[in-house]
Amino acid sequence: MKPDEFRKHAHELVEWMAGYMENAGNYPVKSQVKPGQIFSSIPDLPPGEPESFENLMKDFDSIIMPGITHWQSPNFFAYFPANNSPASVLAEMLISTLGVQGMIWETSPAATELEEKMMDWLKQMTGLPEEFEGVIQDSASTATLAAILTAREKIAGFMINEEGSVTNGQNLRVYCSDQTHSSVEKAVKIAGIGRKNLVKVLSRADLSFDPRGLKNAISEDISKGYTPCCVVATLGTTGTTAIDPIRELGEICHEHGIWLHVDAAMAGTALLLPEFSWMLDGKEYIDSFIFNPHKWMFVNFDCTAFFTRDAASLIRTFEILPEYLKTRTRGKVNDYRDWGVPLGRRFRALKLWSVIRTYGVKGLQEKVRYHIEIASRLKGLILAEPDFEIVAPVVISVVCFRYKPAGLAGEELNKINEKLNHTLNDSGKLYLTHTSVRGIYTLRMVTAQTNVTAEHVEKAWDLIKSTARSIAFK
């Protein structure tokens, strides 16, 4: 593609992008295609000759777009927000154009030093300890793996990386609650600690991590010869956004010399608000902390903020120095490829810089606070209906509820709520997902999409009510 052709198509594409942002809410939220439909629409053989960009875009519109679930729709209430914003999208265009490979300082000093500064900004914005140092990872799953690997190496005197024996006579154990994200289970598998050595402690009535249960589990394991390695606490569990008690868990970790990792993937953005600083009570005990600006801070995927008070141990866990990466600046600068799993690193800090400067801290706070207010309003609407109920505490921007018509109980209630969920999603008018709370099939409504308004939520709630009651009478 020649420069003039690129310029022409780039302008056309920007028009398409702007139009999509304006009209994302008009698409069926959940893709309506059948399994294999997209695959079978694409030729089995690649083209032998060049094709025009115009033809590519025609196929994009006719083949790809029907298979897209529209995460940027204000009627998307499923899973978690995976938000973008104009500022982030524009920065992503710059990132792609520059094509920076930011593995070490010398491969683009601006990429490294902007990342350092953005981590400092985020630390100030969220109230994290001043001594923390930060790095951008691709996802919370990768960041949690980095934390667990670091905890593993530190407890084993950094010998596992050298000798290759994960247990090394240590019989390591990792602890979390039964509400913790599945990335922890994946991480202990990858780290070689083993799934059987992940201890899931039963949560309390409010679905948060039970400190007494943790204390008992640790004491029992020590008596059996196990070595406690890491505790993973959560601010905003995946199912219900329960908040684990950091201070109580931290005191236990401090007593036993255990690494405390905190996963705040979604709820961490609420720390932009002073009224949510209570979630970090006990922050002096935290060894590593993550949250995702690519969820609720309007930075498009991928961008996970990882912080630790022990960067030296993190680096010692991951650093390796082949000849081709030796530089004269080593030891004088941060080479972020030593701070995690990948060697290659995208220039993600540019997206953060663009979003924070475009919104300002005040603008970010206003949007996050509004999303939380919408959830509170929705809770009130649900409580006003006798045939619906709230299933879990509403803490931030996730509301867990179910339809509960008179005369139904147990599995019958679960089945009607599952049917309600599928019926709503198949309509294309909104998208909800579910979780299980103590065996209860529970609908989850996330009110944190970038452009969602109270009106979108109220309209969705009216549809939920009418659909539920029509199902009940069939």
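**Notes on the side chain of H261**
Next up, step 1: Relative to the assigned elements, H261 resides in strand 5 (residues 259-263).
Next up, step 2: A polar side-chain atom of H261 sits 2.7 Å from a polar atom in the side chain of S288.
Next up, step 3: Setting aside chain neighbours within four positions, we find H261 in contact with T144, A147, C230, V231, V232, A233, S288, F289 and I290.

**Focus: the packing of aromatic side chains**
Each aromatic ring pair is characterised by the separation of its centres together with the angle its planes make.
Next up, step 1: A complete count under the given rule lists 15 aromatic pairs for this structure.
Next up, step 2: For the ring pair Y20 and Y27, a centre distance of 5.6 Å and an interplane angle of 50° mean the geometry is tilted.
Next up, step 3: Ring geometry for Y79 against Y431: centres 5.9 Å apart, planes inclined by 85°, an arrangement best described as edge-to-face. Taken as a pair, Y79 in the loop between helix 3 (53-64) and helix 4 (86-98) and Y431 in the loop between helix 14 (410-426) and strand 10 (433-437) lie far apart in primary sequence, 352 residues in all.
Next up, step 4: Given a relative accessible area of 37%, Y79 falls into the partly exposed group.
Next up, step 5: An aromatic cluster is present here, built from W71, F76, Y79, F80 and Y431 joined pairwise through their rings.
Next up, step 6: Across from the ring centre of F80, 4.5 Å away, lies the NZ or CZ of K295, which sits over that ring.

**Considerations on empty space enclosed by the protein**
Next up, step 1: One pass over the structure, following the stated rule, counts one cavity of 30 Å³ or more.
Next up, step 2: If you add up the space inside the largest cavity, you get close to 30 Å³.
Next up, step 3: As for the largest cavity, its lining consists of V100, G102, A111, E115, R345, R346, F347 and R348.
Next up, step 4: For the lining of the largest cavity, the class distribution of residues is three nonpolar, one polar and four charged.

**Things to note about the pairing of strand 10**
Next up, step 1: Judged by which residues are buried, strand 10 turns out to be one-sided: T433, T435 and V437 face inward and are buried, whereas H434 and S436, on the alternate face, are not.
Next up, step 2: In the sheet, strand 10 pairs with strand 11 (residues 440-446) via five bridges, with the strands oriented antiparallel. Paired with V437 across the strands is I440, a residue of strand 11.

**Side note on the packing of helix 6 (residues 140-155) against helix 12 (residues 311-318)**
Next up, step 1: Helix 12 packs onto helix 6 with a crossing angle of 90° between their chain directions and a minimal axis gap of 9 Å. In this view, helix 6 runs roughly perpendicular relative to helix 12, as classed from their interaxial angle. Taken together, the residues of helix 12 that come into contact with helix 6 (itself represented by A146, L149, T150, E153 and K154) are S313, L314, T317 and F318.
Next up, step 2: Of the residues contributing to the contact of helix 6 with helix 12, the split by class is four nonpolar, three polar and two charged.

**Examining the nonpolar core**
Next up, step 1: Counting 69 residues, the largest nonpolar core has L122, L235, F289, F307 and L352 as the members making the most contacts within it.
Next up, step 2: If you tally residues by element for this core, the top one is helix 13 (residues 349-383), at eight residues.
Next up, step 3: Leaving out residues up to four positions away in the same chain, F289 has contacts with L128, F132, L235, H261, V262, A264, L271, L280, A305, F306 and F307.

**Examining the sheet that holds strand 1 (residues 133-137)**
Next up, step 1: Read across the open sheet, the seven strands follow the order 1-7-6-5-4-2-3; overall the sheet is mixed. Across the chains shown, the open sheet's two edge strands, defined by having one partner strand only, are strand 1 and strand 3 (198-201). On average, adjacent strands in this sheet sit at an angle of 20° to one another, irrespective of strand direction.
Next up, step 2: For strand 1 and strand 7 (residues 304-308), the ladder comprises five bridges, and the chain directions are antiparallel. Across the sheet, I136 pairs through a bridge with A305, a residue of strand 7.
Next up, step 3: Relative to strand 5, helix 10 (residues 246-256) is tilted by about 155°, and along the sheet it contacts strand 4 (227-234) and strand 5.

**A word on the pattern of salt bridges**
Pairing of side chains with opposite charge becomes possible as their charged atoms draw close.
Next up, step 1: The final tally for this structure, using the stated rule, is 29 salt bridges.
Next up, step 2: Note that R345 is salt-bridged to E115, the shortest N-O span being 2.7 Å. Taken together, the residues R345 in the loop between helix 12 and helix 13 and E115 in helix 5 (residues 109-126) connect sequence positions 230 residues apart.
Next up, step 3: Residue class for R345 comes out buried when judged on its relative accessible area of 8%.
Next up, step 4: As a salt-bridge pair, R195 and E185 come within 2.9 Å of each other at their nearest N and O atoms. With a gap of ten residues between them, R195 in the loop between helix 8 (182-190) and strand 3 and E185 in helix 8 connect regions that are remote in the sequence.
Next up, step 5: Look at the salt bridges and you will find they share partners, linking E92, D302, R346, R348 and K351 into a network.

What counts as what
Residues numbered from 1 in each chain as written. Predicted model: local features only at pLDDT ≥ 70, side-chain atom pairs only at ≥ 80, totals over all residues. Heavy atoms only, no water. Helix = DSSP H or I, 4+ residues; strand = E, 2+ residues; numbered from the N terminus. Polar contact = N/O pair within 3.5 Å; in protein donor to acceptor, adjacent residues only side chain to side chain. Contact = heavy atoms within 4.5 Å. Phe/Tyr/Trp six-rings, centres within 6.5 Å; stacked < 30°, edge-to-face > 60°. Buried < 20%, exposed > 50% of the residue type's maximum accessible area, 1.4 Å probe, protein only. Lys NZ or Arg CZ within 6 Å of the ring centre and 35° of its normal. 1 Å grid on protein atoms, 1.4 Å probe; cavity = no way out; pocket = protein on both sides within 12 Å on 5 of 7 lines; lining within 4 Å. Points joined across faces, edges and corners; volume = space filled by probe spheres on them. Nonpolar A, V, L, I, M, F, W, Y, C, P; charged D, E, K, R; others polar. Pairing = 2+ DSSP bridges. Axes fitted to C-alpha atoms, helices over the stretch in contact; angles between N-to-C directions. Parallel < 35°, antiparallel > 145°, perpendicular 65-115°, else oblique. Core = buried A, V, L, I, M, F, W, Y, C linked by side-chain atoms within 4.5 Å. Salt bridge = Lys/Arg side-chain N within 4 Å of Asp/Glu carboxyl O.

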